[in-house]
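Structural characterization, general
Given next are the chains, with one letter for each unit.
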Amino acid sequence: MTDLVASGITVKAPNAVLVRDASFSLKPGELVALLGPNGAGKTSLIRATLGLAELEEGEATLGGLPTADLSPMKRARMVSYLPQTRPLAWPNLVRDVVSLGRFSHGVALGRLNAADESAVSRALDACDLTDLAGRRTDTLSGGELARVHCARAFAAEAPLLIADEPVTALDPRHQIRIIDLVAQFVAAGGGALVVLHDVQLAARYASRLIFMKDGKIVVDGPLTDILTADRLLDVYGIRARVEGRRVDIEGAA
Amino acid sequence: MKNLPLIPILILASICALFAACFLGSTPLSLGQVFAAMAGGGDVGDRLVVWSIRLPRALAAFLVGAALGMSGASLQGLLRNPLAEPGVLGVSASTALAATFSLYYGLVAVSAWFLPISAIIGALAATAVISVSAIRVRSVVTLILIGVGLSSFAGAAMSLLMNLAPNPFYLSDMINWTLGSVANRSFEEIGCAAPFLTAGAAILFLTRRGLSALTLGEEAASGVGLDLRRQRILTVLGAGLLTGASVALAGAIGFVGIVAPHLVRPWVGHDPARSLIPAGLLGGLMLVLADIAVRLIPTTNELKLGVVAALIGAPAFAWIAMQRRGSHD
């Protein structure tokens, strides 16, 4: 019931069209990878869909209600959002940062109720952070920090998750760990939309792919139907060999 | 370190400091005399010293410090910047300018309420300018520079008013204002500031949870359910009311709002929401103690509270700024 549906979305900046007539949907139970070169409009599409940026045209709904009219609290209980930049202003404890994921449930730091407390513990546990819960975030490595942000997003226990480049700047092992966490979330009945730059990673995990280029959705469909060498050439300008979920990138075209 | 009952300790210390402020001073009073006078008994002269001179003065110092500590803590939470403070950001100077303006044109003679109201208008305008800039520029350094610019402008306008002062009495009034002092404050003056102080503190207290969310950055904060626009408006309003009322009461006193939250932060897990109350209490405590010092230091002219606060606070500001070296911008 908590489907996220975007139909005919157009987003404009003062002198440019960032997204043009884009439509897609996200349901619980699917892991969708949103792919496309830098500047394709992926982040703008996500922000507009969530009601965080102004829509020029089109409509986005969450559970049947327009996201622009939803209160931020209500929206946050239905969809967790992990933005691309994740600056932490203060050196808080890991547990406190993860607890902020429960903000939409009314959490005030230092005074969590039992339900919030156990959701936070579950999220910490899922992301293998229980031992780090008492550490300050400014003492963590990049990989650990990425897991903290994931745990923060999971702690909301919202049915949907949107993660904008959650694995950028991580080493291969941490990339896989983070995607594994998202896959776990989907296996448990959640729906996730993940922006990725790593085609191979997307091919291994996603159930559906959405390709964007120049502000438009080029194609949207099940992985096996739409992931082809021609597609990668068209969208990214790279030569690659594709066999099922295996992608070998050979070079720039 | 984090399990210390910080708030009870600070409340106790503040009460002790307020009591000490009633006890210490140029007219020697015994403990018994102070207690008797406080209870409404004792010698008429003692009652006068305690109730009309020392207690209102100490209370004014406490309220001003608490207001500055709280508004500093909330602005730091909103702007995610440990250097944000009404004084540094030019809000205090702008507020003092607005207040001086109403003194200069004799508005205060019409009604005592003109002083806090014009001070608050000045504070709100300056806080709004700073917040709009903060949203636009995003860089901490640029924001501080805008604050410096605002401060300089308010300072220049103040100099202009002094330059045009019709007689030396006006001039000394204005100078006192810029230096900041709680000497000779009465309960009436506190009463005029009280409604604004209460409203500002209440607004900040009720919206403090959003400041925790802002730890994640604005984008993620709205992602977890924070109404950014509302949070910004209410924090600016609350901080503006507190700064305005405190300047109306004591003139411009700087750096309390930066030092108090900074000292409190490690004890509250660096959470801006939980730093609000302790920062207010500590700010109040600091000014009460500083004011006692001002009264006891045997100088020919009494030192101004704002001068002492700046002498201690400015090096602390520089020190905090130096510690930030290496972190993002």
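Check the entry above for the structure.
Now for a description of the structure that goes with this document. (Residues numbered from 1 in each chain as written. Chains lettered and ligands numbered in written order. Predicted model: local features only at pLDDT ≥ 70, side-chain atom pairs only at ≥ 80, totals over all residues. Heavy atoms only, no water.)

1. Comments concerning the overall build of chain B
When helices and strands are tallied, chain B shows 15 helices and zero strands. Relative to the compact-globule value of 20 Å for 329 residues, chain B shows a C-alpha radius of gyration of 20 Å, a close match. With respect to the principal axes defined by its C-alpha atoms, chain B has extents near 65 × 55 × 35 Å. Taking all 329 residues of chain B together, 54% fall into the buried category. Counted over contacts in chain B with a minimum sequence separation of 6, partners at least 24 positions apart contribute 77%. As displayed, chain B has an accessible area near 13,800 Å², and 71% of this comes from carbon and sulfur atoms. When the 19 basic and 13 acidic side-chain charges of chain B are each reduced to a single mean position, those positions are 9 Å apart. (Helix = DSSP H or I, 4+ residues; strand = E, 2+ residues; numbered from the N terminus. Rg over C-alpha atoms; globule rule 2.2 N^0.38 Å. Buried < 20%, exposed > 50% of the residue type's maximum accessible area, 1.4 Å probe, protein only. Contact = heavy atoms within 4.5 Å. Areas by Shrake-Rupley, 256 points an atom, 1.4 Å probe, with all protein chains shown as cover. Lys, Arg positive; Asp, Glu negative; His and termini not counted. Charge placed at Lys NZ, Arg CZ, Asp CG, Glu CD.)

2. Points about a negative patch on the surface
Residue and element names in this part refer to chain A. On the surface, Asp21, Glu54, Glu56 and Glu57 cluster together to form a negatively charged patch. Following the sequence through the fold, glutamate 57 ends up in strand β4 (residues 57-62). Classification of glutamate 57 as partly exposed rests on a relative accessible area of 47%. (Patch = residues over 30% accessible without salt bridge, like charges linked within 9 Å, V, L, I, M, F, W, Y side chains within 5 Å. Salt bridge = Lys/Arg side-chain N within 4 Å of Asp/Glu carboxyl O.)

3. Thoughts on the nonpolar core
Generally speaking, a soluble globular protein has its nonpolar side chains buried in company with each other. Within the largest apolar cluster, 88 residues are counted, with the highest numbers of intra-cluster contacts made by Val98, Leu209, Phe211 and Leu227 of chain A together with Leu89 of chain B. Residue contributions to this core peak at seven residues, all from helix α5 (residues 142-155) of chain A. With residues up to four places along the chain from it excluded, the contact list for leucine 89 of chain B reads Leu75, Leu79, Ala84, Ile130, Leu143, Ile144, Gly147 and Leu150 of chain B. Counting 45 residues, the second largest nonpolar core, distinct from the first, contains Val182, Leu242, Ile253 and Val264 of chain B. (Core = buried A, V, L, I, M, F, W, Y, C linked by side-chain atoms within 4.5 Å.)

4. Looking at the sheet that holds strand β5 (residues 65-66) of chain A
Residue and element names in this part refer to chain A. If you walk across this open sheet you meet the four strands as β2-β1-β4-β5, and the pairing is antiparallel. The open sheet has two edge strands with one neighbour each: β2 (16-26) and β5. Relative to β5, β4 is paired through two bridges, and the arrangement is antiparallel. By the bridge assignment for β5, leucine 62 is matched with leucine 65. (Pairing = 2+ DSSP bridges.)

5. Some remarks on the interface of chain B and chain A
When the parts of a complex come together, some accessible area is lost, and that lost area is often used as the size of the interface. Counting from both sides, the interface comprises 27 residues of chain B and, opposite them, 29 residues of chain A. Around 2,400 Å² of area is buried between chain B and chain A when both sides are counted, 60% of it from carbon and sulfur atoms. The largest share of the area that chain B buries against chain A comes from Arg209, Leu216 and Glu219 of chain B, three residues that together contribute 29% of it. Viewed at the interface, chain A and chain B are joined by two salt bridges. The partner of arginine 47 of chain A in a salt bridge is glutamate 219 of chain B, and the shortest N-O contact between them spans 2.5 Å. Where chain B meets chain A, there are 10 residue pairs in polar contact (both at pLDDT 80 or more). (Buried area = accessible area lost by both parts, 1.4 Å probe. Polar contact = N/O pair within 3.5 Å; in protein donor to acceptor, adjacent residues only side chain to side chain.)

6. What about the sheet that holds strand β3 (residues 31-35) of chain A?
Sheets are built from strands that pair by backbone hydrogen bonding, the pairs being arranged parallel or antiparallel. Residue and element names in this part refer to chain A. Strand order in the open sheet formed by six strands is β6-β7-β8-β3-β9-β10, with mixed pairing between adjacent strands. With one partner strand each, in any of the chains shown, β6 (79-82) and β10 (216-222) form the two edges of the open sheet. On average, each strand axis in the sheet is tilted by 15° relative to the strand beside it, whichever way the strands run. Sheet strands in contact with α5 are β6 and β7 (160-164), and its direction is about 165° off that of β6. (Axes fitted to C-alpha atoms, helices over the stretch in contact; angles between N-to-C directions.)

7. Here's the deal with unusual backbone geometry
Unlike most non-glycine residues, aspartate 214 of chain A shows phi in positive territory, near 50°. Inspection of the secondary structure puts aspartate 214 of chain A in the loop between β9 (208-213) and β10. Assessed through its relative accessible area of 61%, aspartate 214 of chain A is described here as exposed. One non-glycine residue, phenylalanine 255 of chain B, lies in positive phi territory at about 75°. With respect to the helices, strands and loops of the structure, phenylalanine 255 of chain B is situated in the loop between α12 (228-250) and α13 (256-264).

8. Regarding the packing of helix α2 (residues 31-38) of chain B against helix α3 (residues 44-79) of chain B
Residues and elements named next belong to chain B. Contact geometry for α2 and α3: axes closest at 9 Å, N-to-C directions at 75°. Here α2 lies roughly perpendicular to α3, going by the angle between them. Contact with α2, carried on its side by Gln33, Ala37 and Met38, involves Asp46, Arg47, Val50 and Trp51 of α3 and no other residues of that element. Classifying every residue of the contact of α2 with α3 gives four nonpolar, one polar and two charged. (Parallel < 35°, antiparallel > 145°, perpendicular 65-115°, else oblique. Nonpolar A, V, L, I, M, F, W, Y, C, P; charged D, E, K, R; others polar.)

9. Observations concerning the packing of aromatic side chains
A complete count under the given rule lists four aromatic pairs over all chains for this structure. Ring centres of phenylalanine 154 of chain A and phenylalanine 185 of chain A lie 5.4 Å apart, and the angle between their planes is 25°; on these two criteria the pair is classed as stacked. With a gap of 31 residues between them, phenylalanine 154 of chain A in helix α5 and phenylalanine 185 of chain A in helix α6 (residues 172-187) connect regions that are remote in the sequence. Here phenylalanine 154 of chain A falls in the buried class, since its relative accessible area comes to 11%. Accessibility expressed as a relative area gives 17% for phenylalanine 185 of chain A, which makes it buried. Between tryptophan 51 of chain B and phenylalanine 187 of chain B, the ring centres sit 6.4 Å apart and the planes meet at 45°, which makes this aromatic pair tilted. Pair noted here: tryptophan 51 of chain B is in helix α3 and phenylalanine 187 of chain B is in helix α9 (residues 187-206), with a separation of 136 residues, a long-range link. Exposure remark for tryptophan 51 of chain B: the relative accessible area of 35% places this residue in the partly exposed category. We note arginine 208 of chain B situated over the ring of phenylalanine 205 of chain B; from NZ or CZ to the ring centre the distance is 4.0 Å. Between the NZ or CZ atom of arginine 209 of chain B and the centre of the ring of phenylalanine 103 of chain A, over which it lies, the distance is 4.0 Å. (Phe/Tyr/Trp six-rings, centres within 6.5 Å; stacked < 30°, edge-to-face > 60°. Lys NZ or Arg CZ within 6 Å of the ring centre and 35° of its normal.)

10. Brief notes about the pairing of β7 of chain A
All names here are of chain A. Taking burial as the measure, the five residues of β7 include five buried ones, the bulk of the element. Residues of β7 alternate between two faces, with Leu160, Ile162 and Asp164 on one and Leu161 and Ala163 on the opposite face, all of them buried. Note: β6 against β7, four bridges, orientation parallel. If you follow valine 79 over to β7, its bridge partner there is leucine 160. Sheet topology note: the β7/strand β8 (residues 191-195) ladder contains five bridges and is parallel. When the bridges of β8 are listed, alanine 163 appears paired with valine 194. For the crossover that starts at β7, traverses α6 and ends in the parallel β8, the hand is right-handed. (Right-handed = clockwise from strand over helix to strand, strands pointing away.)

Nothing here speaks to function; it is geometry throughout.
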